[in-house]
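# Chains, contacts and geometry: an overview
What follows is each chain in one-letter form.
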Amino acid sequence: REIILWNPYTLKRITSLVGHQACIIGIVCNDEHGHIISVDDKKTIYVWDTKTYDLLCKVPDTTPRWPESTFSAFCFDHKSCALVVAHSRIEVLPYKSDKKVDVDIVMH
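Here is what the cut-offs are and how they apply
Residues numbered from 1 in each chain as written. Predicted model: local features only at pLDDT ≥ 70, side-chain atom pairs only at ≥ 80, totals over all residues. Heavy atoms only, no water. Helix = DSSP H or I, 4+ residues; strand = E, 2+ residues; numbered from the N terminus. Pairing = 2+ DSSP bridges. Axes fitted to C-alpha atoms, helices over the stretch in contact; angles between N-to-C directions. Buried < 20%, exposed > 50% of the residue type's maximum accessible area, 1.4 Å probe, protein only.

### Description of the environment of Lys43
- Relative to the elements of secondary structure, Lys43 occurs in the loop between strand S4 (35-40) and strand S5 (45-49).
- Separated by 20 residues in sequence, Lys43 and Thr63 have C-alpha atoms that sit 9.3 Å apart.

### With respect to the sheet that holds strand S6 (residues 55-59)
- The sheet built from four strands is open, its strands ordered S3-S4-S5-S6 with antiparallel pairing. Two strands lie at the open edges of the sheet, namely strand S3 (24-30) and S6, each paired on one side alone. With strand direction ignored, the average angle separating the axes of adjacent strands in the sheet is 15 degrees.
- Note: S3 against S4, six bridges, orientation antiparallel. Residue pairing for S4: Asn30 is matched across the bridge by His35.

### Some thoughts on the side chain of Asn30
- Note that Asn30 resides in strand S3.
- Judged by its relative accessible area of 1%, Asn30 is buried.

Treat this as a map of the structure, not an account of what it does.
Encoded structure:
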């Protein structure tokens, strides 16, 4: 339930990103804005700053949690600046970013 960041040259721990209340199922990076985006199996999305390692945004999914709606995969589409999540269907979640992070979760 924590993300551990390592220095690949020294093999030493840089920091830990702590905040998830459930098992982390995926991590992606938005290099353009300097964010690490993580998702847990309760369908909560966390956005972290790669410079300060602060939690910028926590977005819980408020839709009922059914086995068929559990995220099985996700990725960040740099071209459209969106999170793409997969469960029983594929969803595209708009992702707006400047200093403030706003992630909209809309499940249909």
